[in-house]
Amino acid sequence: MAVHGRPLLPGKLGYLGEGRDELHLEVREPARAILLGGELFPEPIFMWWNFVARTRDEIDAAHASWTAQDHRFGRVRSTLPLIQAKAPVLAADRREPITKPQTDTWPRATSNTRQLA
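Reading the values: rules and limits
- Residue numbers here run from 1 along each chain, matching the order of that chain's written sequence.
- Reporting in this predicted model follows two pLDDT cut-offs: at least 70 for local features of residues, and 80 or more for side-chain atom pairs to be given and counted; totals over whole chains, interfaces and linings ignore these cut-offs and use all residues.
- Excluding hydrogens and water, the side-chain figures rest on all heavy atoms present in the structure.
- By definition, a salt bridge exists where a carboxyl oxygen of Asp or Glu is found within 4 Å of a side-chain nitrogen of Lys or Arg.
- Exposed residues in this analysis have more than 50% of their type's maximum accessible area, buried residues have under 20%, and partly exposed residues fall in between, with area computed by a 1.4 Å probe over protein chains only.
- Going along the chain from the N terminus, every DSSP run of H or I of four or more residues is numbered as a helix, and every run of E of two or more is numbered as a strand.
- For our purposes a nonpolar core is just a set of buried Ala, Val, Leu, Ile, Met, Phe, Trp, Tyr and Cys residues, chained together by side-chain atoms within 4.5 Å.
- Patch membership requires over 30% relative accessible area and the absence of a salt bridge. Like charges are linked within 9 Å, and nonpolar side chains (Val, Leu, Ile, Met, Phe, Trp, Tyr) within 5 Å.
- Method for areas: the Shrake-Rupley scheme with a 1.4 Å probe, in which residue coverage is limited to the protein chains shown.
- Here a cavity means grid points, on a 1 Å grid over the protein atoms only, where a 1.4 Å probe fits yet cannot get out; a pocket means an open set of points with protein on both sides within 12 Å along at least five of seven lines; lining residues are those with an atom within 4 Å of a point.
- Grid points are joined across faces, edges and corners, and a volume is the space filled by probe spheres set on the points.
- A helix is expected to reach a length of 1.5 Å times the quantity of its residues less one.
- Every residue pair with non-hydrogen atoms within 4.5 Å of one another is taken to be in contact.
- Any two strands with at least two DSSP-identified bridges between them are counted as paired.
- Stacked, edge-to-face and tilted are the three classes for Phe, Tyr and Trp ring pairs, Trp counted by its six-membered ring, which pair at centre distances within 6.5 Å; planes under 30 degrees apart are stacked, over 60 edge-to-face, the rest tilted.

A. Inspection of the pattern of salt bridges at higher detail. Enumeration over the complete set of coordinates arrives at two salt bridges. Between Arg54 and Glu58 there is a salt bridge; the shortest N-O distance is 2.9 Å. Accessibility expressed as a relative area gives 47% for Arg54, which makes it partly exposed. Judged by its relative accessible area of 25%, Glu58 falls in the partly exposed class. For Arg56, the salt bridge goes to Asp60, with nearest N and O atoms at 2.9 Å. Taken together, the positions of Arg56 and Asp60, both in helix α1 (residues 56-68) and four residues apart, correspond to about one turn of that helix.

Set out below in structure tokens:
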């Protein structure tokens, strides 16, 4: 698969940045892809495991709801056991949110991320 003419290998994440209204994909064989997009959150955010929130307290509340298996996340009928998540530990129990860096590479590139033009 290629995005805007640049190869994107299986299992890798491609980040396109902001301000796009078109996406050019080239696919030469059967492939699966997930496209995520949308407006940026207006405030800084916290991310931990599967939870995204505006404050550390919201992360803690989400964890408590997940652990209690309350109505917040709904019920999924499955023969698989519930994934037990340990309580969040965020860098010395920090209470500062993740903020968007002042660069063109948000999120920061990792071994699974590739900045695409």
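B. Spatial organisation of the nonpolar core. Membership of the largest hydrophobic core is limited to seven residues, which are Phe46, Trp48, Phe51, Ala53, Ile59, Ala62 and Ala85. Of all the secondary structure elements, the ones that give two or more residues to this core are β5 (46-48), β6 (51-53) and α1.

C. Region of interest: a nonpolar patch on the surface. Side chains of Met1, Leu23, Leu25, Val27 and Leu35 sit close together on the surface and give an oily, nonpolar patch of about 440 Å² of accessible area. Summarising the element assignment, Met1 is placed in the segment before β1 (2-3). By relative accessible area, which is 33% here, Met1 ends up partly exposed.

D. Just the layout of surface pockets, in detail. As a volume, the second largest pocket reaches approximately 350 Å³. Looking at the second largest pocket, it is lined by 13 residues, and the ones nearest its centre are Trp66, Gly74, Val76, Leu82 and Ile83.

E. Representation of α1 in the model. Here α1 contains 13 residues, and its C-alpha end-to-end distance of 18 Å stays within 8% of the 18 Å for a straight helix at 1.5 Å per residue. Three or more residues of α1 are buried, namely Arg56, Ile59, Ala62, His63 and Ser65. Elements in contact with the buried residues of α1: β5 and β6. Residue Gln69 follows α1 closely and has a positive phi angle near 55 degrees.

F. Here's a closer look at the sheet that holds strand β4 (residues 25-26). With respect to topology, three strands assemble into an open sheet ordered β2-β1-β4, the strand pairing being antiparallel. Looking at which strands have only one partner, the edges of the open sheet turn out to be β2 (6-7) and β4. Relative to β2, β1 runs antiparallel, the two sharing two bridges. Each bridged residue has a counterpart across the sheet, and for Ala2 the counterpart in β2 is Pro7.

G. Inspection of the packing of aromatic side chains at higher detail. Scanning the model with the defined rule gives six aromatic pairs in all. Arranged with centres 5.5 Å apart and planes meeting at 75 degrees, the rings of Trp49 and Phe51 form a pair that is edge-to-face. When the centroid spacing of 5.7 Å and the interplanar angle of 75 degrees are considered together, the rings of Trp66 and Phe73 count as edge-to-face. Among the aromatic residues, ring-to-ring pairing joins Trp48, Trp49, Phe51, Trp66 and Phe73 into one connected group.

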